[in-house]
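Chain residues, written in single-letter form:
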4 protein chains.
Amino acid sequence: MKNTFGNSVTITLAGESHGEAIVVILDGLRPGVKVSEEAIAAKLALRRPSGTVSTPRREADDFRIVSGVFEGRTTGTPLTIIIPNTAKQSTDYETTRYLPRPGHADLTALIKYGGFQDYRGGGHFSGRVTVGLVAAGAIAEAALCEYGVKIGTHIAAIGPVCDRKFDDLGTDLAGLAGKSFPVLDEDREEAMRRVIEEARLDRDSVGGILETAVIGLGGGYGEPWFDTVESVLSHILFAIPAVKGVEFGDGFAMAAMRGSEANDAFVKQKGCTVTATNHNGGVNGGITSGMPILFRCAIKPTPSIGKEQQTVDMKMGKEAVLSVGGRHDPCIVHRAASVVNACTALALLDLMTMREGNAPKEIG
Amino acid sequence: MKNTFGNSVTITLAGESHGEAIVVILDGLRPGVKVSEEAIAAKLALRRPSGTVSTPRREADDFRIVSGVFEGRTTGTPLTIIIPNTAKQSTDYETTRYLPRPGHADLTALIKYGGFQDYRGGGHFSGRVTVGLVAAGAIAEAALCEYGVKIGTHIAAIGPVCDRKFDDLGTDLAGLAGKSFPVLDEDREEAMRRVIEEARLDRDSVGGILETAVIGLGGGYGEPWFDTVESVLSHILFAIPAVKGVEFGDGFAMAAMRGSEANDAFVKQKGCTVTATNHNGGVNGGITSGMPILFRCAIKPTPSIGKEQQTVDMKMGKEAVLSVGGRHDPCIVHRAASVVNACTALALLDLMTMREGNAPKEIG
Amino acid sequence: MKNTFGNSVTITLAGESHGEAIVVILDGLRPGVKVSEEAIAAKLALRRPSGTVSTPRREADDFRIVSGVFEGRTTGTPLTIIIPNTAKQSTDYETTRYLPRPGHADLTALIKYGGFQDYRGGGHFSGRVTVGLVAAGAIAEAALCEYGVKIGTHIAAIGPVCDRKFDDLGTDLAGLAGKSFPVLDEDREEAMRRVIEEARLDRDSVGGILETAVIGLGGGYGEPWFDTVESVLSHILFAIPAVKGVEFGDGFAMAAMRGSEANDAFVKQKGCTVTATNHNGGVNGGITSGMPILFRCAIKPTPSIGKEQQTVDMKMGKEAVLSVGGRHDPCIVHRAASVVNACTALALLDLMTMREGNAPKEIG
Amino acid sequence: MKNTFGNSVTITLAGESHGEAIVVILDGLRPGVKVSEEAIAAKLALRRPSGTVSTPRREADDFRIVSGVFEGRTTGTPLTIIIPNTAKQSTDYETTRYLPRPGHADLTALIKYGGFQDYRGGGHFSGRVTVGLVAAGAIAEAALCEYGVKIGTHIAAIGPVCDRKFDDLGTDLAGLAGKSFPVLDEDREEAMRRVIEEARLDRDSVGGILETAVIGLGGGYGEPWFDTVESVLSHILFAIPAVKGVEFGDGFAMAAMRGSEANDAFVKQKGCTVTATNHNGGVNGGITSGMPILFRCAIKPTPSIGKEQQTVDMKMGKEAVLSVGGRHDPCIVHRAASVVNACTALALLDLMTMREGNAPKEIG
């Protein structure tokens, strides 16, 4: 398992921030899914930094699909995407090899790998590696789209500034598509950007909350023990470096409700049985109900900050002071939205395939 | 893997609320771990309902270890525990076979299994099945204990009533051990119990928040992609029926912090490198740092309530009204604490074993 | 993994020869498969020893399905079967605790488990554990049968006595069904039984070869790397204690052929593309072709023999002489046929489900 | 798992014969294992065709390690190797797109993937893909070598010509190392090469048998159900395209033995308990005994032959005649030896790591 996720559709992720490339292999796909390089490039563009709200490291994110696609469609065999690292400046990191950056994985990596890890820019722990998730997720989204499933994420909060809540999901998700700073209420965007800019000027960073909705997914996906929809989604979401909390439906707010408030009553609507409310976020007993799936992720502030921080020089064995150089993001919440969408697509496609299989639908 | 969890130490869980028994198989254990039936019974007692804060269904929770233990120690081969269901009253449920209970998995199970599921008392989705988790978790806790790892959970909140925060973890975890209603500040317990009692009298239910700490676990456990400590823990925690949110360290509160607040500075303490604060809850980059692991789970209010609720008669295809009979809990937060501890032990033992292997330490 | 096999339909096996019971959990089954306890009992009867060709240990093989079946059909949740051990005579083994029996797993178990293993009667390594495979396999066979798949195994050889080859598979498999000593040419049976009787009288044992055919399975099952049909079948077949060789189609004989002999030409037959011959045993590139699957397993002679053998007293650390007491089989080839059929069903159902999914076909 | 193999050390394999590259990701390795690009190149050279006994397609097999190695050692994070395909001549295959080649996976791939597969040169089913196994296996062999484990394979037979049997394994394995046509008795090599040359001149092909020995591996590896050493090895060996049979120790010959012949008596030798013979090939009850592991693989004759063969035109739906053009091997047995060694190393490293873990041994 480890660096592979999924049962029926699996993703294997490799690469380091300053290595030659990020590599991702997606296996178990149904043959015949149309693959658009433009669509993948568009998703990668959403993750790519831009403007002053992001790091000045600017990767072109050129990618090559080197296996698993033939004549524009998935073959059903493992699909490999290679995304070269081109804009790396490894000298940035050499002076801080033995100075673990607070909030990062530098020290835990040193303990885990005994000093053999590629320490440059966080190595395999770098947010750079999420480029592979986004590329693979673009293919998973395309596969889900053929079944009418749509995924969208908005920035629910940056620091103290909140977006409005989801309203009509069809309209809202359509509006979010293609936005690199996805908010529902554009009036709040400016305030959010100001919070980020202030942090940047203070050589500091900010976090936020992402809220995701999935529509069009039928009922019956997920497993009672242990591969519930919440389990499988949270598993991959918590692998995104900055995610420190995940809640479904009303989540932590349900802790303060009574059952009579939190339960979603069943009603008939256009001949179908649906729930009148959706406090449970489309999942009951770990299984999708056919209602929209709703969840939120807490994104911690980017650990890389220019401010001085206290650390320990692991070579000299004594305390030291560190001011993180290199190029970094005052906020990654908006960029993380594309990663959350990708992870959501990968997890749900896995659960769908577990139930539906992956036999080809058409004969070529 | 569906009903199996884990890579190196795996748990497979089977059984239905009104079937003959709950069965759990634990595999991958190191041979030679001492197994105490008294310790398992004590853990099961913590999960068992008692008093008016819990359901009147009272299972004896007699259990039998039928494989994998020999002369009082684990053999290293699969360990099976069978916990018979004895106090089932299946007639309670027959009249409501086609009336899915709001907040429960009745409808999603019907969709998933096409009507073939054992619907009685929630069947395989019942909280009753967690008795298998607690039994298996007791063995995992014993295995971790041999390495000096200790786990404890307190009720951080019941409805609006909050417990105090963790302080000295060694003392606090010792104080929580063996408590069936685990709170740190006993003055709050009475207020919590009152909240539950009020809900019970209203034929309603309440939820809450559980907070867990793990001490004594060294650094270096967990994997960067995708089996981070947070991923693996949240995977099994979200399989607990009522859990709707999981956060690590300061969790959702980190979304409103700046990097300079959220980062944990490294300092030297008694010759070791530790962090001055623990906002990240003992995990960075998905890997344990050696600091205490801290997380919180949101527990939704028990869906079974006596109040009338709206539902749909799935046989007749029309709306109906339901008042859940049978025996149920006005609150399961306190009982869930033992399940959270068990799941924590299972997940961490898996991650430890992935790194350390499971070769026997002594030769008999 | 370890004691669990399968990706989409998984079997987890637990228990020891002299423990309370053998336990098997089958997960991932499609809901709605009819489960006949009589059919399971009939399969267990084929594995059960009878006559002088088998051990005098006679287990009743009473079994209980304790989860996963409701109103006579699979629910889709984990199906647990418990088969109690009743005819154990553990005192047989105490005197030989430290005298590993040649050809058995006694010494390797001691090394692996460091002395903590249940040594009585081979413990978890005992052929007794295969009773769980046969019980679970009976359910897998029923599930396959709904798709028209049939499995049959004959004794191709006992010592030097060979059965005739498969001819018309439909007729041959029908003829083998229900036979506890499955041979195609009944004239050879007597000679085979004589070989076994001679070995028994010599306090020795004999081995043999089993040949299996599967008909009715369509094309397209299996995966190129690494879950080929041959890989998955051999994986579970080699877990049967006495199997030391597995070959598909013409197997080892293909090593001496030329390509022009070994290749199976494609021809049209009743509108379908089939192969004129079946040297490849129904599998090409690891994928089923729709032709019958054919394979053979080498079964080594039962290691338990009454003759004196040289061993080492592991407590005293010096060489010793052992004459295996207890009850044992002069030949297990005929009994192994039912185990091979069960394993074949489990492996093929897993591969089918990986491709077809496990959604229910009918709504109840 | 499909295109991923292993529990604790996993290999994921991607790529097609005429795609851009073969890609392999190796995960779960212990950090700090020395990686020599020369050693990998040397192993690839053994697999590479040369002389008239092999195909004229000559790939340079340049490879790049793009992740998981830093400063000459494994980091412990996923190790990716990319081997570009450079010598592809895809036009060779276009005329035969709808003419499945007998003995190949062309038809089964068409059924499985519904026509979406990359059909050129066998696509993902091509023997070309084994270059990834050999590259990954070279790293696994290096990791095993640090524990003193050595693996070697000789050509036991080409058609009717047999090599001598293994004698002193230490000497024999040393003698085989680096041989591209590995035979123990060089006098037989000439006769074997003649058999191949005759087949080539007949536009035909020949098969053979490979025999492998592993020395230096301690006891206690493998699992009773289902991951026995034989199960795990055969699983990966049967994924090698031409393997149609696998036997351990005396294998099929044991079927004709009596127990008293087949059992390996235990004796004391230099203070250790060993077996006087090794009919069981170093494995009992699925667990290594510490004796050498011995097994044999049947390699079918290369299916690509120049002779005319009968097939079916899948587009026209009628019978047709095919003479396989392109470049192919009259024999691949000698080349397969390097693949068998690689697969053996991968499987055994996985089993060792499952027991021993993968924590780093030194701190850098």
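An account of the accompanying structure is given in this report. (Residues numbered from 1 in each chain as written. Chains lettered and ligands numbered in written order. Predicted model: local features only at pLDDT ≥ 70, side-chain atom pairs only at ≥ 80, totals over all residues. Heavy atoms only, no water.)

### A short note on the interface of chain D and chain C
- Every contact between the two is made by 103 residues of chain D and, on the other side, 103 residues of chain C.
- With both sides pooled, the region where chain D packs onto chain C buries about 8,200 Å², and carbon together with sulfur makes up 61% of that total.
- The largest contributions to the chain D side of the interface with chain C come from Trp225(D), Phe226(D) and Phe266(D), which together make up 12% of the buried area.
- At the junction of chain D with chain C, the criterion picks out 8 salt bridges. (Contact = heavy atoms within 4.5 Å. Buried area = accessible area lost by both parts, 1.4 Å probe. Salt bridge = Lys/Arg side-chain N within 4 Å of Asp/Glu carboxyl O.)

### A few points about the relation of the copies chain D and chain C
- By a simple turn and slide, chain D fits onto chain C: the slide is 0.0 Å along the axis, the RMSD is 0.0 Å, and the turn is 180°. What we have between these two chains is a two-fold relation.
- Here 100% of the interface residues in chain D have copies in chain C that are interface residues too; the copies meet face to matching face. (Least-squares fit on C-alpha atoms with pLDDT ≥ 70 in both.)

### Comments concerning the environment of Asn7(D)
All names here are of chain D.
- For Asn 7, the position within the fold is in the loop between β1 (4–5) and β2 (10–14).
- Note: C-alpha distance between Asn 7 and Ile 236 (229 residues apart in sequence) is 13 Å.
- A polar contact of 3.0 Å, which involves the side chain of Asn 7, links it to the side chain of Asp 227. (Helix = DSSP H or I, 4+ residues; strand = E, 2+ residues; numbered from the N terminus. Polar contact = N/O pair within 3.5 Å; in protein donor to acceptor, adjacent residues only side chain to side chain.)

### Quick notes on the relation of the copies chain A and chain C
- Rotating chain A by 180° and translating it 0.0 Å along the rotation axis places it on chain C, where the RMSD comes to 0.0 Å.
- Interface overlap between copies is the fraction of interface residues in one copy that are interface residues in the other; for chain A against chain C it reaches 100%, indicating a shared surface.

### Quick notes on the packing of aromatic side chains
- This structure, assessed with the given rule, holds 26 aromatic pairs over all chains.
- Relative to Phe226(C), the ring of Trp225(C) lies with its centre 6.4 Å away and its plane at 70°, an arrangement referred to as edge-to-face.
- Connected via pairs of aromatic rings, a cluster forms that spans Phe5(A), Trp225(B) and Phe226(B).
- The ring of Tyr221(C) has Arg355(C) sitting right over it, with the charged end atom 5.9 Å from the ring centre. (Phe/Tyr/Trp six-rings, centres within 6.5 Å; stacked < 30°, edge-to-face > 60°. Lys NZ or Arg CZ within 6 Å of the ring centre and 35° of its normal.)

### A closer look at the pairing of strand β17 (residues 308–313) of chain D
- Two elements, β17(D) and strand β18 (residues 318–323) of chain D, share 6 bridges in a ladder whose sense is antiparallel. Following the sheet pairing, Val312(D) is matched in β18(D) by Glu319(D). (Pairing = 2+ DSSP bridges.)

### Some words on the sheet that holds strand β2 (residues 10–14) of chain B
All names here are of chain B.
- Across the sheet, which stays open at both edges, the 5 strands sit in the order β1-β2-β3-β7-β4 with antiparallel pairing between neighbours. With partners counted over all chains shown, the strands left at the sheet margins are β1 (4–5) and β4 (64–67), one partner each.
- Note that β2 and strand β3 (residues 21–27) share 5 bridges and pair antiparallel. In the strand pairing of β3, Leu 13 is matched with Val 24.

### Points about the interface of chain A and chain C
- Contact with chain A, which involves 8 residues of that partner, is made by 8 residues of chain C.
- Taken together, the two surfaces of chain A and chain C that pack against each other cover about 710 Å², and 47% of this comes from carbon and sulfur.
- Three residues stand out in chain A for area buried against chain C, namely Arg355(A), Asn358(A) and Ala359(A), and they jointly supply 46% of the buried area on that side.
- Where chain A touches chain C, the interface holds 0 salt bridges.
- Counting every contact that joins chain A to chain C gives 4 residue pairs in polar contact (both at pLDDT 80 or more).
- Residue composition of the side of chain A that touches chain C, grouped by class: 4 nonpolar, 2 polar and 2 charged. (Nonpolar A, V, L, I, M, F, W, Y, C, P; charged D, E, K, R; others polar.)

### Topic: the sheet that holds strand β4 (residues 64–67) of chain A
- Taken in spatial order, the 5 strands make up an open sheet running β1-β2-β3-β7-β4 (chain A), and their pairing is antiparallel. With partners counted over all chains shown, the strands left at the sheet margins are β1 (4–5) and β4 of chain A, one partner each.

### Comments concerning the environment of Thr228(C)
- Assignment of secondary structure puts Thr228(C) in the loop between β10 (208–215) and α7 (229–237).
- Owing to a relative accessible area of 2%, Thr228(C) belongs among the buried residues under this scheme.
- A sequence separation of 132 residues divides Thr228(C) from Pro360(C), and the C-alpha atoms of the two residues are 26 Å apart.
- Filtering out sequence-adjacent residues up to four positions away, Thr228(C) remains in contact with Glu223(C), Gly286(C), Phe238(D) and Ala239(D).
- At 2.7 Å, the side chain of Thr228(C) and the side chain of Ser231(C) are in polar contact. (Buried < 20%, exposed > 50% of the residue type's maximum accessible area, 1.4 Å probe, protein only.)

### With respect to unusual backbone geometry
All names here are of chain A.
- Across the junction of Trp 225 and Phe 226, the peptide omega takes the value 5°, indicating a cis bond.
- Even without being glycine, Arg 203 reaches a positive phi, approximately 50°.
- Its place among the elements puts Arg 203 in the loop between α6 (186–201) and β10 (208–215).

### Details of the side chain of Arg335(B)
All names here are of chain B.
- By secondary structure assignment, the location of Arg 335 is in helix α9 (residues 333–356).
- The class of Arg 335 is buried, set by a relative accessible area of 11%.
- A polar atom in the side chain of Arg 335 sits 2.6 Å from the backbone oxygen of Arg 47.
- Looking at Arg 335, its side chain comes within polar contact range of the side chain of Asp 329, at 2.8 Å.
- Discounting residues that sit within four places of it in the chain, Arg 335 has contacts with Leu 46, Arg 47, Arg 48, Pro 49, Ser 54, Thr 55 and Asp 329.

### Overview of helix α3 (residues 106–113) of chain B
- α3(B) sits mainly inside the fold: 6 of its 8 residues count as buried.
- Inspection of α3(B) places Asp106(B), Leu107(B), Thr108(B), Ala109(B), Lys112(B) and Tyr113(B) among the buried residues, and these make up the whole buried set.
- Check the buried side of α3(B) and you find it contacts β12 (266–269), β13 (272–275), β14 (283–284), β15 (287–288) and α9 (333–356) of chain A.
- Count one or two residues on from α3(B) and you reach Gly114(B), which has phi positive near 65°.

### A look at the packing of helix α1 (residues 37–47) of chain D against helix α9 (residues 333–356) of chain D
Residues and elements named next belong to chain D.
- The geometry of α1 relative to α9 is characterised by a closest axis approach of 7 Å and an angle of 145° between their N-to-C directions. Where α1 approaches α9, its residues Lys 43, Leu 46 and Arg 47 are matched on the opposing element by Arg 335, Ser 338 and Val 339.
- For the contact of α1 with α9, the residue count by class is 2 nonpolar, 1 polar and 3 charged. (Axes fitted to C-alpha atoms, helices over the stretch in contact; angles between N-to-C directions.)

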